[in-house]
Amino acid sequence: MPQIPSFAVVSGAQVHSALAGQEKSVIAAVEKAYRLHGAGETVNPDSYFLRFPDRPSSRIIALPASVSGDVGVHGIKWIASFPENVAAGFPRASAVLVLNDAETGYPFAVLESSIISAARTAASAALAAVALGEARGTRPRRLGFVGAGLIARYVHTYLAAAGFSFDEVGVQDLSAEHATAFAAHLRRAQPAEVTVHETAQALITGSDLVVFATVAGEPHVHDPAWFAHNPVVLHLSLRDLSPEVILSAWNVVDDVDHCLKAGTSPHLTEQRVGDRSFVAGTLDDVLAGRISPPADRPVVFSPFGLGVLDLVVAKHVYDEVAASGELGVVRDFFHDTDRYGRTLEERAAGGGTR
Ligand SMILES: NC(=O)c1ccc[n+]([C@@H]2O[C@H](COP(=O)([O-])OP(=O)(O)OC[C@H]3O[C@@H](n4cnc5c(N)ncnc54)[C@H](O)[C@@H]3O)[C@@H](O)[C@H]2O)c1
């Protein structure tokens with residue numbers, strides 16, 4: 001007999017404890033999510049964007065999703081992006097994620113999810129860097145970040161956990177303060193030489209692995225010649241590259257229908273050329289060996305960010321916290337659960353409906 005599950009609240013501190021040092025497990029969970037998605041074992045409708053006419057730089061996005069297989073869970077991430085928060089000294093993104101029981105549909109947990117979101121994004125970037133590098137037979141020695149925020153920091157951590165080490169790490173950001181602070185973090189975290197670049201051109205031409213993690217709303221990198229050395233580009237912020245750059249590259253996405261929407265660079269490119277033939281396929285196609293990136297062209301990975309990744313990582317966190325015995329269950333969260341309004345005593349006695 002199915003039963004109403006208990007309901008728990010999982011704090012950011014608990015999420016952090018469950019994920020810190022577990023980067024390899026998170027990368028494995030994200031790879032599993034991509035493979036389940038590729039195999040049709042997920043439901044991942046379009047993200048829903050709530051935008052504000054009086055505040056165009058901000059948005060809140062709903063990402064509902066469902067994963068079958070042994071994960072077996074439904075849910076939704078509700079993530080706000082308010083870039084002006086950064087100037088006030090706290091992160092741009094804030095989020096919660098609700099997990100729903102696959103059998104009854106009941107929500108059984110709400111988790112702080114900015115950390116889950118950053119972790120799954122960084123894990124997908126690291127997974128792509130490994131898969132694309134292995135398929136091309138190249139190993140980057142010079143890493144570069146365009147955009148020096150929280151996502152850049154997580155990506156650096158996950159690349160290290162995935163086994164990358166670099167001789168040089170470059171940073172470029174519109175804000176000198178952000179670039180300098182991130183460079184200082186990088187110097188504390190690893191031994192490679194760290195350089196702050198004045199321009200995106202200097203950063204890109206000096207890097208074999210380029211990470212875009214800006215909050216640019218429209219393309220600011222237009223010249224394909226900057227990519228003539230054929231780097232791997234992790235285009236996480238999705239709107240940095242002009243259609244000319246996209247068309248000059250071999251493009252891989254997480255999900256074609258998702259990624260060619262919402263004014264992303266691949267979406268602008270589709271609008272320019274009228275078809276999708278510039279997209280070689282998905283990361284799952286690369287992982288399964290169905291497509292292979294060339295070594296003699298730039299390779300651009302543009303992940304729209306699938307809700308199924310958040311779900312799989314959130315379920316992993318929930319299971320870890322539950323196993324530790326620290327689950328913060330909210331007693332009596334579900335109330336009025338008898339169809340006929342009977343008390344517990346009346347139900348136990350098998351009556352009370354007359
Ligand atoms: N694809 C995905 O799955 C996914 C998931 C999470 C976040 N993201 C994206 O990652 C990006 C970064 O997120 P964050 O939390 O690190 O943001 P953040 O605000 O902490 O940092 C962004 C940084 O980019 C800099 N910047 C803005 N425009 C720039 C430009 N044109 N050139 C260089 N630097 C520029 C800002 O000064 C800031 O330091 C966001 O666009 C976010 O939407 C993508």
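Residues numbered from 1 in each chain as written. Predicted model: local features only at pLDDT ≥ 70, side-chain atom pairs only at ≥ 80, totals over all residues. Heavy atoms only, no water.

**Structural notes on the site of the ligand**
Line of reasoning, step 1. If you check the shell around the ligand, you find 24 residues, and the closest are Ile151, Asp173, His178, Thr214 and Pro303.
Line of reasoning, step 2. Between the ligand and the protein, one listed contact pairs an oxygen atom with a backbone N or O atom of Thr214 at 2.5 Å.
Line of reasoning, step 3. Bound to the protein, the ligand loses 88% of the 870 Å² it would expose on its own.
Line of reasoning, step 4. When residues of the shell around the ligand are traced back to their parent elements, those giving at least two are helix H3 (114-136) and helix H4 (150-161). (Near = heavy atom within 4 Å. Polar contact = N/O pair within 3.5 Å; in protein donor to acceptor, adjacent residues only side chain to side chain. Areas by Shrake-Rupley, 256 points an atom, 1.4 Å probe, with all protein chains shown as cover. Helix = DSSP H or I, 4+ residues; strand = E, 2+ residues; numbered from the N terminus.)

**A closer look at the layout of surface pockets**
Line of reasoning, step 1. For the second largest pocket, the calculated volume is near 480 Å³.
Line of reasoning, step 2. Forming the walls of the second largest pocket are 17 residues, and the residues nearest its centre are Asp332, Phe334, His335, Asp336 and Thr337.
Line of reasoning, step 3. Looking at the lining of the second largest pocket residue by residue, the class counts come to 7 nonpolar, 5 polar and 5 charged. (1 Å grid on protein atoms, 1.4 Å probe; cavity = no way out; pocket = protein on both sides within 12 Å on 5 of 7 lines; lining within 4 Å. Points joined across faces, edges and corners; volume = space filled by probe spheres on them. Nonpolar A, V, L, I, M, F, W, Y, C, P; charged D, E, K, R; others polar.)

**With respect to the packing of helix H2 (residues 23-38) against H4**
Geometrically, a packed helix pair is captured by the angle between its two axes and the distance between the axes.
Line of reasoning, step 1. Where H2 contacts H4, the axes come no closer than 9 Å and their chain directions differ by 95°. Considering their axes alone, H2 and H4 lie roughly perpendicular with respect to each other. When H2 is examined against H4, the residues Glu23, Lys24, Val26 and Ile27 are found in contact with a partner set consisting of Thr157, Tyr158 and Ala161.
Line of reasoning, step 2. Looking at the contact of H2 with H4, its residues break down into 4 nonpolar, 1 polar and 2 charged. (Axes fitted to C-alpha atoms, helices over the stretch in contact; angles between N-to-C directions. Parallel < 35°, antiparallel > 145°, perpendicular 65-115°, else oblique. Contact = heavy atoms within 4.5 Å.)

**Notes on the domain arrangement of the protein**
Line of reasoning, step 1. Under the domain assignment, the protein is made up of domain 1 (8-116 + 308-349) and domain 2 (123-306).
Line of reasoning, step 2. Counting from both sides, the interface comprises 24 residues of domain 1 and, opposite them, 28 residues of domain 2.
Line of reasoning, step 3. Summing the contributions of domain 1 and of domain 2, the shared interface buries around 2100 Å²; its carbon and sulfur component is 65%.
Line of reasoning, step 4. It is Glu23, Ile27 and Tyr34 in domain 1 that bury the most area against domain 2; as a group they hold 30% of the surface buried on that side.
Line of reasoning, step 5. Connecting domain 1 to domain 2 are 5 residue pairs in polar contact (both at pLDDT 80 or more).
Line of reasoning, step 6. Residue contributions to the side of domain 1 that touches domain 2 peak at 10 residues, all from H2.
Line of reasoning, step 7. Residue composition of the side of domain 1 that touches domain 2, by class: 12 nonpolar, 4 polar and 8 charged. (Domains from an automatic or database assignment. Buried area = accessible area lost by both parts, 1.4 Å probe.)

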